[in-house]
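# Close look at the chain arrangement
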Amino acid sequence: AKELVEAGATEFTRARRYGRPLSVLALELDRYDEILAEHGEGIVEEVRKTATRVLGRVLRANDLFGLRSERGFAVILPETGGEFAAEVGERLRAASEDEDVFTGDELILFTLSVGAAGMIAADESFAVTLERARAAMVAASKAGGNSVFP
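Note that this is a predicted model, so its numbers are computed, not measured.

## Section: the overall build of the protein
- On a plain count of helices and strands, the protein comes out with five helices and seven strands.
- Counting from the amino terminus, helix and strand elements in the protein follow one another as α-β-α-α-β-β-α-β-β-β-α-β.
- Relative to its length of 150 residues, the protein is compact, with a C-alpha radius of gyration of 15 Å against a globular reference of 15 Å.
- Its C-alpha atoms give the protein principal-axis dimensions of about 55 × 30 × 25 Å.
- The buried share of the protein, reckoned over its 150 residues, is 45%.
- Partitioning the contacts of the protein with sequence separation of at least 6, the portion at a separation of at least 24 is 66%.
- Total accessible area on the protein stands at roughly 7500 Å², and carbon and sulfur atoms take up 53% of it.
- If you average the places of the 18 positive and of the 26 negative side-chain charges in the protein, the two averages end up 7 Å apart.

## Some points on the side chain of Ser96
- One can find Ser96 in helix α4 (residues 82–97).
- Residues in contact with Ser96, not counting those within four places in the same chain, are Val54, Phe110, Thr111 and Leu112.

## With respect to the pairing of strand β2 (residues 64–69)
- Pairing analysis gives five bridges linking β2 to strand β3 (residues 72–78), with the strands arranged antiparallel. Pairing of Ser69 across the sheet is with Gly72, part of β3.
- The hairpin turn running from β2 into β3, its antiparallel successor, is two residues long.

## Overview of a nonpolar patch on the surface
- Taken together, Phe102, Leu107 and Leu109 make up a surface patch of nonpolar side chains, about 320 Å² in accessible area.
- Assignment of secondary structure puts Leu107 in strand β5 (residues 107–109).
- Given the relative accessible area of 40%, Leu107 is considered partly exposed.

## Things to note about the nonpolar core
- Counting residues in each nonpolar core, the largest one holds 26 residues, and the members touching the most others are Leu25, Leu27, Val47 and Leu92.
- Secondary-structure elements contributing two or more residues to this core are β1 (22–29), α2 (32–39), α3 (41–58), β3, α4 and β6 (112–118).
- Sorting elements by how many residues they give to this core places α3 first, with six residues.
- Setting aside residues up to four positions removed in sequence, Leu25 forms contacts with Phe73, Ala74, Val75, Leu77, Ala85, Val88, Gly89, Leu92, Val114, Gly115, Ala116 and Ala133.
- The next biggest cluster of nonpolar side chains, apart from the first, holds 14 residues, and it includes Ala15, Val24, Met119 and Leu130.

What counts as what
- Residues numbered from 1 in each chain as written.
- Predicted model: local features only at pLDDT ≥ 70, side-chain atom pairs only at ≥ 80, totals over all residues.
- Heavy atoms only, no water.
- Helix = DSSP H or I, 4+ residues; strand = E, 2+ residues; numbered from the N terminus.
- Rg over C-alpha atoms; globule rule 2.2 N^0.38 Å.
- Buried < 20%, exposed > 50% of the residue type's maximum accessible area, 1.4 Å probe, protein only.
- Contact = heavy atoms within 4.5 Å.
- Areas by Shrake-Rupley, 256 points an atom, 1.4 Å probe, with all protein chains shown as cover.
- Lys, Arg positive; Asp, Glu negative; His and termini not counted.
- Charge placed at Lys NZ, Arg CZ, Asp CG, Glu CD.
- Pairing = 2+ DSSP bridges.
- Patch = residues over 30% accessible without salt bridge, like charges linked within 9 Å, V, L, I, M, F, W, Y side chains within 5 Å.
- Salt bridge = Lys/Arg side-chain N within 4 Å of Asp/Glu carboxyl O.
- Core = buried A, V, L, I, M, F, W, Y, C linked by side-chain atoms within 4.5 Å.

Laid out in structure tokens, this is it:
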């Protein structure tokens, strides 16, 4: 997580210096606590790995992503305005719906709550933009999950 925040700060500075867009997504695995309680840490780790593969498949080569917490990821989208960030978030959300994790005898379906935030003039740092994305993600989760909130 520390490396991702450092990379985000670097991208934020670059975007600010050259007047370029930058957006951030915060993603959280829906039903994390339920999956953990019912299936244990090993299955949760498989869900995380599957989500990581989805991010790697959907995102562009210059996008950066990593774990933000045990249940969530952050994505840095250089050269991407806020309106397009929500579209990327929707592609990630939809792709996660199509993924399955097998426990051996049971199929685990997982979805993502996604918050999107584009850098704005009032953002003093990458941390501020990331926090706005995180707040949108929390709102998406509280609204029932499996959605994208800008």
